[in-house]
Every structure is written in structure tokens, then in C-alpha cells.
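Given next are the chains, with one letter for each unit.
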Amino acid sequence: MSTPTTAAGIGALTLRPLDPLKDAELLHGWVTHPKSAFWMMQDAKLEDVERAYLEIAADEHHHAYLGLHDGVPAFLMERYDPAHRELVGLYEPEPGDVGMHFLVAPTDRPLHGFTRAVITAVMTELFADPATARVVVEPDVGNKAVHALNAAVGFVPEREIQKPEKKALLSFCTREQFEKAVSA
């Protein structure tokens with residue numbers, strides 16, 4: 001369990017390793033929800049979600065975490081090594097690069113500022129590792145909401161890249177860019 005990040009008006013956000021079998025049903029509801037279209041699992045069956053996260057659990061270069069809001073599951077975070085997963089051959093990785101994906105659970109009662117608090121907590125967790133020098137993301141070029149969130153925590157777009165499943169906006173955030181963005 002990570003050290004809690006407390007956001008004013010939001011509450012405590014923590015991360016724990018994802019349990020692919022115990023958490024699959026919960027995740028299935030999240031990743032197949034219409035608001036999660038950019039996660040690209042809209043048609044996934046429960047078994048597909050289990051399989052995908054069992055593969056991640058077995059992968060030394062990819063890890064998944066369940067995010068908790070005041071102890072209740074509320075978001076998903078994945079960290080990966082872009083030298084070995086997702087971006088192989090699409091850019092030249094540097095030492096200390098860490099790839100990241102995050103997904104906030106769909107809700108009928110959105111909490112103002114929650115998603116920004118989540119990405120801030122995710123980035124805080126990634127940079128808690130002294131080996132992390134830069135976080136790399138590759139969201140869909142059409143996902144304007146996540147581009148704005150990424151910019152709010154210091155990401156700078158570099159260029160569009162073509163991945164097998166999507167056209168993506170390759171973006172980077174150094175520790176210094178993150179600290180400057182969240183202290184402003």
C-alpha cells in the first residue's frame with residue numbers, strides 16, 4: 001500500500017497492487033463503461049479482463065495498481081517500462097523513463113477536482129521512486145480531456161506517433177516539470 005496522498009476537499013488516495021482475479025469484476029465494469037472508451041476494452045468479457053491483468057501481473061516490465069479513495073476502489077494505475085512495453089521502437093527511451101496509464105472509475109456522482117487529484121497522486125507515486133526521471137504517456141490524440149490533465153501536471157507533448165491500436169500523443173514529464181506544475 002502506498003503512502004496516502006491527501007487532496008484538499010477530496011480525501012485520501014492510495015494505491016495497492018491489483019489482484020487480477022479478485023479485482024477483475026470491478027475492473028470489468030470500469031473498462032467496459034462508455035466513459036472509458038479510450039481504454040479500448042468496450043467489448044471485453046470478464047474473462048478478457050482477467051486474462052489481460054493476469055498477463056500484466058506476470059510481466060516484469062508492467063505493473064497494475066488499484067487506486068483507493070478513502071479506502072474505496074476508485075481508479076486504476078499502470079506503470080510500465082517503455083524500453084520493453086508499449087513504446088518499443090516508437091521513441092528512444094532514456095534511463096529513468098517510466099510509462100503510465102490511469103483510469104478513473106466511472107461514477108454517477110462526480111467529485112469536482114477528483115481526476116486531477118488522481119493524476120497528481122499517480123505522478124507523486126511514480127516520482128517517489130528515485131530511479132524515475134521522467135514519466136512517458138501515449139494517450140489517444142482525440143482524448144482532449146486527458147491532454148488537459150496531463151498538461152496540468154507538467155506533461156509536454158513531443159509528437160504524434162502511430163501505435164498498432166491508435167494514433168497517440170507522445171508526451172513527457174520530468175520530475176522538475178511535475179514539481180513546478182503542482183506547486184504553481
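In this report, the structure presented in the accompanying data block is examined. Model, not experiment: these values are computed from the prediction.

1. Some words on the overall build of the protein chain
Point 1. Within the protein chain, the regular secondary structure consists of 5 helices and 8 strands.
Point 2. In the protein chain, the succession of α and β elements from N to C terminus is β-β-α-α-β-β-β-α-β-α-β-β-α.
Point 3. The dimensions of the protein chain, computed from C-alpha atoms along their principal axes, are 40 × 35 × 30 Å.
Point 4. Taking all 184 residues of the protein chain together, the buried fraction comes to 46%.
Point 5. A sequence separation of at least 24 residues applies to 59% of the contacts in the protein chain between residues at least 6 apart.
Point 6. Carbon and sulfur atoms make up 55% of the accessible area of the protein chain, which totals about 9,600 Å².
Point 7. Both charge centroids of the protein chain, one from 17 positive and one from 27 negative side chains, sit 5 Å from each other.

2. Observations regarding the packing of helix α3 (residues 114–127) against helix α4 (residues 144–152)
Point 1. Orientation of α3 relative to α4, taken along the N-to-C sense of each, is 55°, at an axis distance of 10 Å. Put simply, α3 runs oblique to α4. Relative to α4, the crossing made by α3 is right-handed. Across the interface between the two elements, Thr115, Arg116 and Ile119 from α3 touch Leu149, Asn150 and Ala152 from α4.

3. Side note on the pattern of salt bridges
Point 1. The final tally for this structure, using the stated rule, is 12 salt bridges.
Point 2. Between aspartate 48 and arginine 51 there is a salt bridge, and its shortest N-O distance comes to 3.2 Å. Highlighted residues: aspartate 48 and arginine 51, both in helix α2 (residues 46–57), separated by 3 residues, approximately one helical turn.
Point 3. Its relative accessible area of 27% is what places aspartate 48 among the partly exposed residues.
Point 4. What you see here is one network of salt bridges that share partners, running through Glu86, Glu138, Lys163, Glu165 and Lys166.

4. A short note on unusual backbone geometry
Leaving glycine aside, a negative phi is the common case for residues, and trans is the common case for peptide bonds.
Point 1. Positive phi is not limited to glycine here, since aspartate 70 has a value of about 50°.
Point 2. Residue position: aspartate 70 is located in the loop between β3 (62–69) and β4 (72–80).
Point 3. Unusually for a residue other than glycine, glutamate 86 sits at a positive phi of about 65°.
Point 4. As for its position among the elements, glutamate 86 is in the loop between β4 and β5 (97–104).
Point 5. By relative accessible area, glutamate 86 is classed as partly exposed at 30%.

5. Concerning the packing of aromatic side chains
Point 1. Per the counting criterion, the structure on display carries 2 aromatic pairs.
Point 2. Arranged with centres 5.5 Å apart and planes meeting at 50°, the rings of tyrosine 91 and phenylalanine 172 form a pair that is tilted. Placement of tyrosine 91 in the loop between β4 and β5 and of phenylalanine 172 in strand β8 (residues 167–174) is noted, with a sequence separation of 81 residues between them.
Point 3. For tyrosine 91, a relative accessible area of 8% translates into the label buried.
Point 4. Across from the ring centre of phenylalanine 172, 3.9 Å away, lies the NZ or CZ of arginine 134, which sits over that ring.

Definitions and cut-offs
Residues numbered from 1 in each chain as written. Predicted model: local features only at pLDDT ≥ 70, side-chain atom pairs only at ≥ 80, totals over all residues. Heavy atoms only, no water. Helix = DSSP H or I, 4+ residues; strand = E, 2+ residues; numbered from the N terminus. Buried < 20%, exposed > 50% of the residue type's maximum accessible area, 1.4 Å probe, protein only. Contact = heavy atoms within 4.5 Å. Areas by Shrake-Rupley, 256 points an atom, 1.4 Å probe, with all protein chains shown as cover. Lys, Arg positive; Asp, Glu negative; His and termini not counted. Charge placed at Lys NZ, Arg CZ, Asp CG, Glu CD. Axes fitted to C-alpha atoms, helices over the stretch in contact; angles between N-to-C directions. Parallel < 35°, antiparallel > 145°, perpendicular 65-115°, else oblique. Left-handed = near helix turned anticlockwise from the far one by under 90°. Salt bridge = Lys/Arg side-chain N within 4 Å of Asp/Glu carboxyl O. Phe/Tyr/Trp six-rings, centres within 6.5 Å; stacked < 30°, edge-to-face > 60°. Lys NZ or Arg CZ within 6 Å of the ring centre and 35° of its normal.

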